There are 2 protein chains.
Amino acid sequence: MSDRDEPVRPEARLPKGLFDTPANELRATADMLAKIRNVFECYGFEPLDTPAIEYTDALGKFLPDQDRPNEGVFSFKDDDEQWLSLRYDLTAPLARYVAENYQSLPKPFRRYQVGPVWRNEKPGPGRFRQFTQFDADTVGPSSVAADAELCMLAADTLEALGVPRGQYVVKVNDRRILDGLLETIGLGNEMDAAKRLAVLRAVDKLDRLGIDGVTALLGKGRKDESGDFTKGAGLDASQALRVTCFLSVAAETFSRISAGNYLPQGFNAGDDEDFYLIDEMLSSFHESPTMTSALEQIESMRKLVRATGYGMDRIRFDPSVVRGLEYYTGPVFEAELTTPIKDERGQSIRLGSVVSGGRYDGLVERFTGVKVPATGLSIGVSRLLYGLKTLGKLPVESVQGPVVVLVLDRDRIADYQKMAQDLRNANIRAELYLGESGMKAQMKYADKRGSPCVVIQGGDEKAKGEVQIKDLILGATLTSIKDRDDYLKKQAEAQFAVPEADMVKAVRDVLARQRA
Amino acid sequence: MSDRDEPVRPEARLPKGLFDTPANELRATADMLAKIRNVFECYGFEPLDTPAIEYTDALGKFLPDQDRPNEGVFSFKDDDEQWLSLRYDLTAPLARYVAENYQSLPKPFRRYQVGPVWRNEKPGPGRFRQFTQFDADTVGPSSVAADAELCMLAADTLEALGVPRGQYVVKVNDRRILDGLLETIGLGNEMDAAKRLAVLRAVDKLDRLGIDGVTALLGKGRKDESGDFTKGAGLDASQALRVTCFLSVAAETFSRISAGNYLPQGFNAGDDEDFYLIDEMLSSFHESPTMTSALEQIESMRKLVRATGYGMDRIRFDPSVVRGLEYYTGPVFEAELTTPIKDERGQSIRLGSVVSGGRYDGLVERFTGVKVPATGLSIGVSRLLYGLKTLGKLPVESVQGPVVVLVLDRDRIADYQKMAQDLRNANIRAELYLGESGMKAQMKYADKRGSPCVVIQGGDEKAKGEVQIKDLILGATLTSIKDRDDYLKKQAEAQFAVPEADMVKAVRDVLARQRA
């Protein structure tokens, strides 16, 4: 019997990497999503929603040559033994949707989608197992005009969110440029996939490690300050040199131009250095047809965005951009905030890219065998929110709490409920205190809720047909007032009686005074 | 090698019971959710979000006496072998959240939450495996004022969504009334759980089967028109009589009062019949203390909502309301649309309740052992959306498509992109045609997108420094114009040239004309 008396109680906790979102953060997110939605709609994208659960094979998430889903996704079997998975991004479901509905869609097809995605990965700082993405994709066009437009969309979205021009940059590259480079050093074959990936990972660390660090990672490997050793890509000296030479062209060109000691004729400082860079790369790497064709496309994109009014300060070519995802097939881009960001302890942190995207011409083909060009971008909502918050670009004030109608006489709860309802009918956030505690606890509750004021009617007030209004915002300032007359005046303003019939008006006046 | 040449292609399809949501439905849903949110905020509820994944034990979804999750939920093991599940409602995660954060929460704690939930059940018409719920809950108060308030919230929400007073009703009951009835017929013990459930299921069918059908289901069982036999609860004759007597008190009282041939003194027709009903039940079933106490609480709730201005037409006691969920412990309620609803083929359908809720005082106790009273409601968003759509209460017009800038000369795509951007900068939805097709296909695309107008600039227009604006809405009406002069006039209005510099203004004028 003791088992019955002491039932086993589950612990109230969340699995690792999953979090609740409290009111203030939810409101800030909703505000941010509404602004993003406006920009995306303005660009002609239409909303779409797909379910959280898809067939694992439709997401392309079976392990190669195995009848078992990738460990990076949450998977479970349906009752007919088919594997299902939670979506890990919004692009794979879009590819499934397009393949399934191809005939009936307008072409090109532009859609945006916002929602949670799930990754069954080891969580860490800034790495969650559920997070929100906001995507826009254009399916159909092979033209770089579609890619250029997404870069402009990224820039416009950041500005709509209050990031000033100059405090963000959209960096553009083309994964075929690096592919071409790898071909020229003999890593173009399928059997070199692992080595290629190691080179790309090294290049991706240019920002953080500088050219020497990257050089080490291209060769045998690198020991960091803590003594940890990272194995390198194992390139020989001439291969590694070719890669660092490629990166140097970019780095040197920029630094020479920035220093003002090198400007090709007809150029203005601070404008269009990337045209010069593309030109220099075309001549330095002309032996790779893959790279040449990609550089020519980048140049078309560059011209398009410049003609539409987007300068180097907003969108620029950066050959060190490496987007990891295997499925990109052409232009890739990422936007980052350029203002240094510090965490709560004042430490500088690398936020990473807040928008990223690129062209993936093979994703729909997986289903249909027919090539359907597509390009898209994805906003990391939580990361961007964190960045905006840190930069002070988010309204920090929370929504005002409700007016609380206190309950002094339990028998008259219907009267109090009526007062709360009268306030709501006047579109004022209001609630009846529903707990069991006394006056003091009720005032504490109102404080905790961030109430602007409370409404009080005890026996005395009822007898006089009055209610008391207590302004909690003004009331909180009283203790700091030194001057006696001023104190008494403010005290009278902070709590006063009005006839019952004037309650709504009096509350409205208090709210207006607080906003003033 | 042929395996490589002909890869196995996954089929593009969704698992059963899961659906994509297209743009129009998404927009209508977003509009509806915003209206609901406004009302909930006005009542002082604060938003909260919890992740989709929870520990199975925290959701209370292990099968009794087995270390295996209920089949009704989607479950999978974490890498530490603990069972995880997708949430199947928003109430169980709230209970987990409250138990986890009890110390820091304001008390009472009022929160609302909107989001998808998942049921691993057999899908059917109107039964999906993912759907959206919108919940509000008040945690802490044991007072019926909290339950009464939720009934008022349900009524206000439906009116905010455009359902006129008289076309919905919130029906209130208390599960202890039926519990009390079951006690009086000897079914109060734990071993009678299955029988109790069968009785409740029978009572729940009163609307559909009438008193005779229910009587059959209380006894041996019932054969329906198709010949299918449903096994009954197996009550003996005197037990069944007691239950039908209970239901008759309700039915007869209502019909006598509606017919105007029975009105207790001091009552007005059409007002407060449920007070009389409560009174009649109190005298008919006075031998059950459980029922008596519940009826007294219902009477308190009734008084509260009446005092706040909610009449019988909006909120009323209905003893036949059975909410299935095991966890309800007190007042239960459900709101339904009372206007007959027909499906696309004109067949009348039973939509069922669009809002439902009740008191569940045991849910947080599961974790902590401490009783925390709570009451809440849940809106079935998809069902309500369907009901509103059928009743014509949803704006049917879709959002206007974007203005499409046609591409006539591929070499001048940057110019066209600039035009689209100029329109966007003036806050006009616009896009560049990004496909590869000719003029005719571009016009077709614009039609499919619901574009208000297109912008055209070929070589001739460019030479003159002009653009053509073509109004697609007005243009579509031309074929129906019989009068020649009228036709020519409208034709001229439907397509016209303006100087390039006036493009934005001309488009804005066309949009204004279409809205007029």
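Computed from a prediction, not measured in an experiment: that's the story for all the values here. (Residues numbered from 1 in each chain as written. Chains lettered and ligands numbered in written order. Predicted model: local features only at pLDDT ≥ 70, side-chain atom pairs only at ≥ 80, totals over all residues. Heavy atoms only, no water.)

Draft legend 1. Main features of helix H4 (residues 91–101) of chain A. Burial within H4 of chain A is extensive, with nine of its eleven residues counted as buried. For H4 of chain A, the secondary structure elements touched by its buried residues are strand S2 (53–55), helix H3 (56–59), strand S5 (109–118), strand S6 (130–139) and helix H12 (365–368) of chain A. (Buried < 20%, exposed > 50% of the residue type's maximum accessible area, 1.4 Å probe, protein only. Helix = DSSP H or I, 4+ residues; strand = E, 2+ residues; numbered from the N terminus. Contact = heavy atoms within 4.5 Å.)

Draft legend 2. Spotlight on the side chain of Gln133 of chain A. Mapped onto the elements, Gln133 of chain A comes out in strand S6. If we ignore the near neighbours within four places in the chain, the residues touching Gln133 of chain A are Asp89, Leu90, Gln113, Val114, Gly115, Val117, Arg119, Ser378, Ile379 and Val381 of chain A.

Draft legend 3. Just the interface of chain A and chain B, in detail. Contacts between the two partners involve 97 residues from chain A, matched on the other side by 97 residues from chain B. Across the chain A/chain B interface, buried area totals approximately 8,000 Å², and carbon plus sulfur atoms make up 55% of it. When the buried surface of chain A facing chain B is broken down by residue, Arg13, Cys42 and Leu434 of chain A rank first, second and third, together holding 9% of it. For the pair chain A and chain B, the number of links is 22 salt bridges. (Buried area = accessible area lost by both parts, 1.4 Å probe. Salt bridge = Lys/Arg side-chain N within 4 Å of Asp/Glu carboxyl O.)

Draft legend 4. Structural detail: the packing of helix H2 (residues 23–42) of chain B against helix H13 (residues 381–390) of chain B. Residues and elements named next belong to chain B. The geometry of H2 relative to H13 is characterised by a closest axis approach of 11 Å and an angle of 105° between their N-to-C directions. Relative to H13, the element H2 lies roughly perpendicular. Residues Glu25, Ala28, Thr29, Met32 and Leu33 of H2 touch H13, and the partners they reach there are Val381, Leu384, Leu385 and Leu388. Grouping the constituent residues of the contact of H2 with H13 by class yields seven nonpolar, one polar and one charged. (Axes fitted to C-alpha atoms, helices over the stretch in contact; angles between N-to-C directions. Parallel < 35°, antiparallel > 145°, perpendicular 65-115°, else oblique. Nonpolar A, V, L, I, M, F, W, Y, C, P; charged D, E, K, R; others polar.)

Draft legend 5. Representation of the pairing of strand S4 (residues 83–86) of chain B within the structure. Residue and element names in this part refer to chain B. Bridge count for strand S2 (residues 53–55) against S4 is three bridges, and the pairing is antiparallel. Bridge pairing links Tyr55 to Leu84 in S4. One ladder, built from three bridges, connects strand S3 (residues 75–77) with S4; its direction is antiparallel. Bridge assignment links Ser75 to a residue of S4, and that residue is Ser85. Where S3 folds back on S4, the antiparallel hairpin that results is connected by five residues, among which Glu81 adopts a positive phi of roughly 70°. (Pairing = 2+ DSSP bridges.)

Draft legend 6. How the structure looks around the packing of aromatic side chains. Per the counting criterion, the structure on display carries 18 aromatic pairs over all chains. Seen in terms of ring centroids, Phe40 of chain A and Phe45 of chain A are 6.4 Å apart; in terms of plane orientation they differ by 50°. Their pairing is tilted. When sorted by exposure, Phe40 of chain A lands in the same class as Phe45 of chain A, which is buried. Centroid distance Phe76 of chain A to Phe76 of chain B: 5.2 Å. Interplanar angle 15°. Geometry classified as stacked. With one member in each of two chains, Phe76 of chain A in strand S3 (residues 75–77) and Phe76 of chain B in strand S3 form a pair that bridges those chains. (Phe/Tyr/Trp six-rings, centres within 6.5 Å; stacked < 30°, edge-to-face > 60°.)

Draft legend 7. How the structure looks around empty space enclosed by the protein. All names here are of chain A. Evaluated as defined, the whole model comprises five cavities of 30 Å³ or more. Approximately 80 Å³ is the volume attributed to the largest cavity. If you go around the largest cavity, the residues you meet are Val172, Asp274, Ile298, Met301, Arg302, Val305, Arg306, Ile315, Arg316 and Phe317. Breaking the lining of the largest cavity down by element, the ones donating at least two residues are helix H11 (289–307) and strand S10 (315–317). At five residues, H11 tops the list of elements feeding residues into the lining of the largest cavity. Its residues placed into classes, the lining of the largest cavity shows six nonpolar, no polar and four charged. (1 Å grid on protein atoms, 1.4 Å probe; cavity = no way out; pocket = protein on both sides within 12 Å on 5 of 7 lines; lining within 4 Å. Points joined across faces, edges and corners; volume = space filled by probe spheres on them.)

Draft legend 8. Local environment of the relation of the copies chain A and chain B. Superposition of chain A onto chain B requires a rotation of 180° combined with a translation of 0.0 Å along the rotation axis, giving an RMSD of 0.1 Å. The transformation just described matches what one would write down for a two-fold rotation axis. No C-alpha of chain A lies nearer the rotation axis than that of Phe76 of chain A, which sits 2.9 Å from it. Interface overlap between copies: 100% of the residues of chain A at the interface are likewise at the interface in chain B, consistent with a symmetric, same-surface contact. (Least-squares fit on C-alpha atoms with pLDDT ≥ 70 in both.)

Draft legend 9. Just the nonpolar core, in detail. Ranked by size, the top nonpolar core spans 111 residues in total, and within it Phe40 and Leu377 of chain A together with Leu423, Val455, Ile469 and Val507 of chain B carry the most contacts. Counting residues per element, this core draws most heavily on helix H5 (residues 144–160) of chain A, which supplies eleven residues. Counting 110 residues, the second-largest nonpolar core is a separate cluster that includes Tyr168, Leu206, Leu218 and Val322 of chain B. (Core = buried A, V, L, I, M, F, W, Y, C linked by side-chain atoms within 4.5 Å.)

Draft legend 10. A look at a positive patch on the surface. On the surface, Lys107 of chain A together with Lys440, Lys444 and Lys448 of chain B cluster together into a positively charged patch. If you trace the backbone, Lys444 of chain B turns up in helix H15 (residues 439–448). Looking at Lys444 of chain B, the relative accessible area reads 66%, which means it is exposed. (Patch = residues over 30% accessible without salt bridge, like charges linked within 9 Å, V, L, I, M, F, W, Y side chains within 5 Å. Areas by Shrake-Rupley, 256 points an atom, 1.4 Å probe, with all protein chains shown as cover. Lys, Arg positive; Asp, Glu negative; His and termini not counted. Charge placed at Lys NZ, Arg CZ, Asp CG, Glu CD.)

Draft legend 11. Expanded view of the sheet that holds strand S1 (residues 46–47) of chain A. All names here are of chain A. Taking strand neighbours across the sheet as the criterion, the eight strands line up as S1-S5-S6-S15-S14-S11-S7-S10 in an open arrangement whose pairing is mixed. Across the chains shown, the open sheet's two edge strands, defined by having one partner strand only, are S1 and S10. Across three bridges, the pairing between strand S7 (residues 168–174) and S10 is parallel. Its bridge partner lying in S10, Val170 is registered against Ile315. Of the strands in this sheet, S5, S6, S7, S10, strand S11 (331–337), strand S14 (355–359) and strand S15 (374–380) are in contact with H5, which crosses S15 at around 20°.

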